[in-house]
Amino acid sequence: MSSTLSKTSRRVWVVINYVSLIMLIILYRLGHFKGWSVLIVVSLIVVFTILQLSFTKLYKKTGLWKLTHSKVNDLDEREIQLTHEALRYSYSIFVINCLLIIFISSILEIDMIIDVISGVTLLYLAHTLPASVIAWTEREV
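A short note on helix α2 (residues 38-60)
Residues separated by three or four positions in an α-helix point in the same direction, a consequence of the helix having 3.6 residues per turn. Taking 1.5 Å as the rise per residue, α2 with 23 residues should run 33 Å; its terminal C-alpha atoms sit 31 Å apart, in good agreement. Along α2, the residues classified as buried are Ile40, Leu44, Val47, Leu51, Ser54, Phe55, Leu58 and Tyr59. On the buried face of α2, the contacting elements are α1 (7-34), α3 (64-68) and α5 (116-137).

Quick look at the structure:
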């Protein structure tokens, strides 16, 4: 069963989702380099819970995840066009973000070691961006 959210609500959930993803990365890095204090671990759990909640509310319950991960044969003409445009924009956003990460790491002379958290984050971003573009731009989903 898919629920309907207004465009404004969907945009709020997109922001919550990606801010919580960024916070998760920051807290993980902080714990990795400064030590795993109780505050960092509890904060990680809270932020991860918010990430899961926003994912479920925005992508699962609205049907956006299913829409952007369906086979072309299972979509109608409008859905094909919609997902195609979303994928096009998502690819641009994803590539620009990856290049910015490389560029900033180079300028700051940070060793570019892709660890598990970086890989999982980029994978998550690649899979959620098309649905986020649709959530952000479409009047109704």
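Re α1
The first and last C-alpha atoms of α1 sit 40 Å apart over 28 residues, in line with the 40 Å expected at 1.5 Å per residue. The complete set of buried residues in α1 reads Arg10, Trp13, Val14, Asn17, Tyr18, Ser20, Leu21, Leu24, Leu27 and Gly31. Structurally, α1 contributes buried residues whose contacts are with α2 and α5. Gly35, located one to two residues past α1, shows a positive phi value of around 110 degrees.

Description of the nonpolar core
Membership of the largest hydrophobic core comes to 26 residues, with the highest contact counts inside it found for Tyr18, Leu58, Tyr59, Leu64, Leu67, Tyr124 and Ile134. Within the residue set of this core, elements represented by two or more residues are α1, α2, α3, α4 (77-107) and α5. Aside from chain neighbours lying at most four places away, what touches Tyr18 is Tyr59, Tyr124, Leu125, Thr128, Leu129 and Ser132.

Focus: the side chain of Thr128
One can find Thr128 in helix α5. Reaching out from Thr128, the side chain makes a polar contact with the backbone oxygen of Tyr124 at a distance of 2.9 Å. With residues up to four places along the chain from it excluded, the contact list for Thr128 reads Tyr18, Phe55, Tyr59 and Trp65.

Some details on the packing of aromatic side chains
What the rule picks out here adds up to 4 aromatic pairs. Look at Phe55 and Tyr59: their rings are 5.3 Å apart centre to centre, the planes differ by 55 degrees, and that puts the pair in the tilted class. Of this pair, Phe55 and Tyr59 are both found in helix α2, 4 residues apart, which corresponds to roughly one turn of the helix. In this pair, the class of Phe55 matches that of Tyr59, namely buried. Considering the side-chain rings of Phe55 and Tyr124, the 6.1 Å spacing of their centres and the 50 degrees angle between planes classify their relative orientation as tilted. Remark: Tyr124 occurs in helix α5 and Phe55 occurs in helix α2; sequence separation between them is 69 residues. A residue is classified by how much of its surface remains accessible, and Phe55, at 17% relative accessible area, is buried.

Details of the packing of α2 against α5
Contact geometry of α2 with α5 gives a least axis separation of 11 Å together with a crossing angle of 45 degrees. Regarding the angle of α2 to α5, the classification is oblique. The hand of the α2/α5 crossing is left-handed. For the pair α2 and α5, contact is made by Leu51, Phe55, Leu58 and Tyr59 and by Tyr124, Thr128, Ala131, Ser132 and Ala135, respectively. Taken together, the residues of the contact of α2 with α5 sort by class into 7 nonpolar, 2 polar and no charged.

Some points on the environment of Gly35
Tracing the sequence through the fold places Gly35 in the loop between α1 and α2. As a C-alpha pair, Gly35 and His127 span 92 residues in sequence and 31 Å in three-dimensional space. In this structure Gly35 touches Leu30 and Ile40, once residues within four positions along its chain are discounted.

Reading the values: the criteria
Residues numbered from 1 in each chain as written. Predicted model: local features only at pLDDT ≥ 70, side-chain atom pairs only at ≥ 80, totals over all residues. Heavy atoms only, no water. Helix = DSSP H or I, 4+ residues; strand = E, 2+ residues; numbered from the N terminus. Expected span 1.5 Å × (residues − 1). Buried < 20%, exposed > 50% of the residue type's maximum accessible area, 1.4 Å probe, protein only. Contact = heavy atoms within 4.5 Å. Core = buried A, V, L, I, M, F, W, Y, C linked by side-chain atoms within 4.5 Å. Polar contact = N/O pair within 3.5 Å; in protein donor to acceptor, adjacent residues only side chain to side chain. Phe/Tyr/Trp six-rings, centres within 6.5 Å; stacked < 30°, edge-to-face > 60°. Axes fitted to C-alpha atoms, helices over the stretch in contact; angles between N-to-C directions. Parallel < 35°, antiparallel > 145°, perpendicular 65-115°, else oblique. Left-handed = near helix turned anticlockwise from the far one by under 90°. Nonpolar A, V, L, I, M, F, W, Y, C, P; charged D, E, K, R; others polar.

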